[in-house]
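Listed below, chain by chain, are the residues.
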Amino acid sequence: MEQMIKEYAKRLKLSWIPANYHTIHAETNEEFLLKLFEREVQHRDERRINLLLKQATLPKIPNKPYDWREIQLAPGITKDYILEGEFTKNQENLIFYGGVGTGKTFLSTLIALNLMKKQGKRVKFYTAASIVNALLEANEKGDLGKFLNQIEKLDLLILDELGYIPLHKQGAELLFQVISMCYETKSIIVTTNLPFSQWNNVFGDPILTEAVIDRLIHHSHLIIFNGESHRYKDSISQR
Ligand SMILES: Nc1ncnc2c1ncn2[C@@H]1O[C@H](COP(=O)(O)OP(=O)(O)O)[C@@H](O)[C@H]1O
Ligand SMILES: [Mg+2]
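What you see as residue numbers is a count from 1 along each chain, following the sequence as written. Written order decides the labels, with chains lettered from A and ligands numbered from 1. Reporting in this predicted model follows two pLDDT cut-offs: at least 70 for local features of residues, and 80 or more for side-chain atom pairs to be given and counted; totals over whole chains, interfaces and linings ignore these cut-offs and use all residues. Excluding hydrogens and water, the side-chain figures rest on all heavy atoms present in the structure.

Draft legend 1. Representation of the layout of surface pockets. Here a cavity denotes grid points, spaced 1 Å and computed from the protein atoms alone, that fit a 1.4 Å probe unable to get out, and a pocket denotes an open set having protein on both sides within 12 Å along at least 5 of 7 lines; residues with an atom within 4 Å of a point are the lining. Grid points are joined across faces, edges and corners, and a volume is the space filled by probe spheres set on the points. Within this model, the largest pocket holds a volume of roughly 500 Å³. Lining the largest pocket are 23 residues, with Gly101, Thr102, Gly103, Phe106 and Arg231 positioned closest to its centre. Listing elements by their share of the lining of the largest pocket, those giving two or more residues are α5 (104-119), β4 (156-162) and α11 (230-237). Residue classes follow a fixed rule: Ala, Val, Leu, Ile, Met, Phe, Trp, Tyr, Cys and Pro count as nonpolar, while Asp, Glu, Lys and Arg count as charged, and any other residue, Gly among them, counts as polar. Split into classes, the residues belonging to the lining of the largest pocket amount to eight nonpolar, seven polar and eight charged. In this structure, the second largest pocket occupies an estimated 220 Å³ of space. Under the DSSP-based scheme used, a helix requires at least four consecutive residues in state H or I and a strand at least two consecutive residues in state E, with every element numbered from the N terminus.

Draft legend 2. Quick peek at the domain arrangement of the protein chain. Where each domain begins and ends is defined by an automated method or by a domain database. For the protein chain, the assigned domains are domain 1 (2-56) and domain 2 (71-237). Taking only C-alpha atoms into account, the centre of domain 1 sits 38 Å from that of domain 2. What makes two residues a contact is simply this: any of their non-hydrogen atoms within 4.5 Å. With six residues of domain 1 in contact, the opposing surface of domain 2 contributes nine residues. Put simply, buried area is how much 1.4 Å-probe accessible surface two parts lose in total, over both of them, once they are put together. Of the roughly 690 Å² buried between domain 1 and domain 2 on both sides combined, carbon and sulfur atoms contribute 57%. For domain 1, the biggest contributors to the area lost against domain 2 are Leu52, Leu53 and Ala56; these three give 60% of the whole. We count a salt bridge whenever a side-chain nitrogen from Lys or Arg sits within 4 Å of a carboxyl oxygen from Asp or Glu. The interface formed by domain 1 and domain 2 holds zero salt bridges in total. We define a polar contact as two N or O atoms separated by no more than 3.5 Å, with the added condition that, inside protein, one atom must be a possible hydrogen donor and the other a possible acceptor, whereas residues neighbouring each other in sequence contribute only through side-chain atom pairs. Summed over the shared surface of domain 1 and domain 2, the result is three residue pairs in polar contact (both at pLDDT 80 or more). In terms of residue class, the side of domain 1 that touches domain 2 is made up of four nonpolar, one polar and one charged.

Draft legend 3. Here's a closer look at the packing of helix α6 (residues 128-140) against helix α8 (residues 169-182). Each axis is a line fitted through C-alpha atoms, and for a helix only the stretch in contact is used; angles between axes span 0 to 180 degrees, taken between their N-to-C directions. Taken N-terminus to C-terminus, the directions of α6 and α8 make an angle of 100°; their axes are 9 Å apart at the nearest point. Taken together, α6 and α8 sit at an angle that is classed as roughly perpendicular. Where α6 abuts α8, its residues Ile131, Val132, Leu135, Leu136 and Asn139 lie against Gln170, Gly171, Leu174, Leu175 and Val178. The cut-offs work like this: below 35 degrees is roughly parallel, past 145 is roughly antiparallel, 65 to 115 is roughly perpendicular, and the gaps in between are oblique.

Draft legend 4. Region of the structure containing empty space enclosed by the protein. For the structure on display, the rule yields one cavity of 30 Å³ or more. Size it by volume and the largest cavity reaches roughly 60 Å³. Of all the elements in the fold, those that place two or more residues in the lining of the largest cavity are α8 and α10 (206-217). Of the residues that constitute the lining of the largest cavity, the class distribution is five nonpolar, four polar and three charged.

Structure (structure tokens):
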């Protein structure tokens, strides 16, 4: 009998059961079945979340509470609306604007974690430079369609550090294609140290720049990160 249980469990992809079903304590068959199902559902949820986390390629963040004191929210929205990813329900975008070390990457990562762990949503984190590289590479290999299909499946796309370096011309055009594709169908978080008036230096072409800004800011919330650099503060307080 044990052997048969093992074989069936393997075929049904329930291979945790043979070694573990003894640990389920139940008074009735019904209760046993319920508890068994509960554990399997739990396992599936965990596997799905682990896969989402792996695919999202989030940066490492410190294990400490997020300090909201220097964060200036757009009027009419709340901390939870942002942190719990509520904005993704309406396909809204967030623009995080502020200097280096003010918590933009940290906050976008916290949002991504909440969306994946609590809602099972798909998120992908890129820096502007890394998505442009990936786009150029996919384009060269003839895999652009495949790459865009992956983006199409996301609930939230994070584009970190837009503005730190000017983008390659064709890369900028491909990035515009991604942003257009996401328009009104999914959410984007853009983090930047540059005011919109200087985005031209990143995209290199005024018409393209205007089209990008147009798509991004329609249905978006601007969040301003006012703090002086936490990296700087942390390094001072460590002395
Ligand atoms: N609001 C904040 N609350 C707590 N720590 C913060 C906050 N903002 C920044 N930090 C600290 O500073 C570091 C750098 O923040 P980061 O999000 O990478 O800045 P940015 O992306 O704006 O350059 C974080 O890893 C964290 O240790
Ligand atoms: Mg950052």
